[in-house]
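This is what each chain is made of:
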Amino acid sequence: MNTIYKNIQAAALNGNKLLAVLIDPDKMEVPQVASFMLKLNASIATHIFVGGSVVHENVTDVLVNEIKKHTKLPIILFPGDTNQITNKADGILFLSLISGRNPEYLISKHVRAVSKLKKTNLEVIPTGYLLINGGNKTAVERVTETKPLDQNNVQYIIDTAKAGELLGKQLIYLEAGSGAKKHVDLKVINKVKKELKVPLIVGGGIKTKLQLENVFESGADLVVIGTAFEKDASFFDDLRK
Ligand code: 1GP
């Protein structure tokens with residue numbers, strides 16, 4: 001029970017860095033999965049996240065089913081909405097957008113998700129999700145209608161992350177948004193990490209191996225990359241095992 005979380009926690013304690021590849025069901029078709037997974041499996045990736053801001057009904061289910069045929073890595077849902085819940089995955093980040101003040105993304109969708117989750121065996125991981133300004137308006141900001149936190153407002157970001165932890169979130173996720181111009185500032189990552197006892201996830205706008213290394217070095221336990229692989233799967237070659 002709770003194997004996914006326990007493994008993330010153990011890796012964080014031991015300083016073993018984790019990389020999640022984000023697959024957006026809206027941007028990947030089933031026939032593309034096999035070749036993408038071949039590259040992914042040869043890379044240092046440790047987790048697969050599946051989700052997007054806007055995904056049509058049942059698309060996630062079909063895609064996860066296909067991904068599962070090609071990997072032994074844990075598949076974790078990173079859903080923008082309740083229609084992305086599928087029992088074919090292994091776990092789900094139960095995200096509460098604690099940087100925003102939109103009740104839909106703080107609690108309402110979660111209440112609606114319960115009846116669906118009860119019918120699955122998914123490992124549910126409570127996650128405090130913070131949207132940080134990455135220099136451009138990303139889909140998360142548009143869809144959730146919440147304002148990202150200013151990268152210069154470091155203390156406020158730290159306090160928001162800590163409040164999430166004190167509320168019982170098992171993971172804190174600093175998100176610059178998919179396709180962000182700038183990833184979360186290294187200084188912000190470093191300071192947030194120092195305050196937390198739970199593992200720290202960082203994603204959004206990380207496009208190169210050097211950026212990935214810097215983000216790890218600054219304190220991220222698990223990094224999420226989507227767009228860079230979507231645009232050019234040869235990025236996996238830079239990240240071979
Ligand atoms: C978005 O953090 C993820 O939710 C990944 O972002 O697509 O910019 O890599 P990118």
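Residues numbered from 1 in each chain as written. Predicted model: local features only at pLDDT ≥ 70, side-chain atom pairs only at ≥ 80, totals over all residues.

Going by an unreviewed UniProt entry, the protein chain carries the name Geranylgeranylglyceryl phosphate synthase and comes from Seonamhaeicola algicola. In the Cofactor (unreviewed entry) part of its UniProt record, the protein chain is described as follows: "Mg(2+)". In its Sequence similarities (unreviewed entry) section, the UniProt record describing the protein chain reads: "Belongs to the GGGP/HepGP synthase family. Group II subfamily." (UniProt positions renumbered as here; feature names shortened; annotations may be inferred.)

A. Local environment of helix H1 (residues 3-14). With twelve residues, H1 extends 16 Å between its outermost C-alpha atoms, agreeing within 8% with the 16 Å of an ideal straight helix rising 1.5 Å per residue. At the C-terminal side of H1, Gly 15 shows a positive phi close to 75°. (Helix = DSSP H or I, 4+ residues; strand = E, 2+ residues; numbered from the N terminus. Expected span 1.5 Å × (residues − 1).)

B. Seen up close, the nonpolar core. Membership of the largest hydrophobic core comes to 65 residues, with the highest contact counts inside it found for Val 50 and Leu 130. Ignoring anything within four residues of it in the chain, the contact list for Leu 130 reads Ile 98, Ser 99, Leu 149, Ile 157, Thr 160, Ala 161, Tyr 173, Leu 174 and Glu 175. (Core = buried A, V, L, I, M, F, W, Y, C linked by C-beta atoms within 7 Å. Buried ≥ 20, exposed ≤ 12 C-beta atoms within 10 Å, placed from the backbone. Contact = placed C-beta atoms within 7 Å.)

C. Fine view of the pairing of strand S2 (residues 47-50). Where burial is concerned, the two faces of S2 agree: the one with His 47 and Phe 49 and the one with Ile 48 and Val 50 are both buried. In this structure, strand S1 (residues 18-23) lies alongside S2, joined through four bridges in parallel fashion. Paired with Val 21 across the two strands is Ile 48, which belongs to S2. Following the chain from S1 across helix H2 (residues 33-41) to the adjacent parallel S2, one finds a crossover that is right-handed. The sheet contact formed by S2 and strand S3 (residues 75-77) spans three bridges and is parallel. From the neighbouring strand, Ile 48 faces S3, where its bridge partner is Ile 75. Regarding the hand of the β-α-β motif, the stretch spanning S2, helix H3 (residues 59-69) and S3 is right-handed. (Pairing = 2+ DSSP bridges. Right-handed = clockwise from strand over helix to strand, strands pointing away.)

D. Layout of the site of the ligand. Around the ligand sit 14 residues, and of these Ser 178, Gly 203, Gly 204, Gly 226 and Thr 227 come closest. Only strand S8 (222-225) and helix H9 (227-231) provide two or more residues apiece to the shell around the ligand. (Near = placed C-beta within 6 Å.)

E. Fine view of the packing of helix H7 (residues 186-195) against helix H8 (residues 209-218). Following both chains from N to C, one finds H7 and H8 inclined at 30°, their axes separated by 8 Å at the closest point. Accordingly, the angle class assigned to the pair H7 and H8 is roughly parallel. Every pair of crossing elements has a handedness; the one defined by H7 and H8 is right-handed. Contact residues: H7 offers Leu 186, Ile 189 and Asn 190, while H8 offers Asn 214, Val 215 and Ser 218. Taken together, the residues that form the contact of H7 with H8 break down as three nonpolar, three polar and no charged. (Axes fitted to C-alpha atoms, helices over the stretch in contact; angles between N-to-C directions. Parallel < 35°, antiparallel > 145°, perpendicular 65-115°, else oblique. Left-handed = near helix turned anticlockwise from the far one by under 90°. Nonpolar A, V, L, I, M, F, W, Y, C, P; charged D, E, K, R; others polar.)

F. The arrangement of helix H6 (residues 154-166) in detail. The terminal C-alpha atoms of H6 lie 18 Å apart, and with 13 residues this matches the ideal 18 Å at 1.5 Å per residue to within 8%. Every buried residue of H6 is accounted for by Ile 157, Ala 161 and Gly 164. Buried residues of H6 fall within an arc of 55° about the axis and therefore sit on the same side. For H6, the exposed residues set more than 90 degrees away from the buried face come down to Gln 155, Tyr 156 and Leu 166. Against the buried residues of H6 lie strand S5 (123-131), strand S6 (171-175) and H7. Directly beyond the C-terminal end of H6, a positive phi value near 105° is found at Gly 168. (Arc of directions from axis to C-beta.)

G. Main features of the sheet that holds S5. If you trace the eight strands once around the closed barrel, you get S1-S2-S3-S4-S5-S6-S7-S8, paired in parallel fashion. Neighbour-to-neighbour, the strand axes of the sheet open up by a mean angle of 30°, direction not taken into account. In the packing of H3 onto the sheet, contacts are made with S1, S2 and S3, and the angle to S2 comes to roughly 165°.

H. Up close: unusual backbone geometry. Within the chain, Asn 58 stands out as a residue other than glycine whose phi angle is a positive 70°. On the basis of neighbour count, Asn 58 is assigned to the exposed category, with 12 C-beta atoms found within 10 Å. For Glu 145, which is not glycine, the phi torsion reads 50° and is therefore positive. By secondary structure assignment, the location of Glu 145 is in the loop between helix H5 (139-144) and H6.

I. The UniProt feature "binding site: Mg(2+)" (unreviewed entry) in the protein chain, seen in detail. Following the UniProt record, one finds the feature "binding site: Mg(2+)" (unreviewed entry) at Asp 24 and Ser 53. A compact arrangement is adopted by the annotated residues: their sequence extent is 30 residues, whereas the largest C-alpha distance between any two is 8.6 Å. Contact partners of Asp 24, with chain neighbours within four places excluded, come to Gly 52 and Gly 226. Turning to its location among the elements, Ser 53 is positioned in the loop between S2 and H3. Taking the number of C-beta atoms within 10 Å as the measure of exposure, Ser 53 has 18 and is therefore partly exposed. In this view, Ser 53 contacts Gly 80, Ala 139, Val 140 and Val 143; residues no more than four positions away in its chain are not counted.

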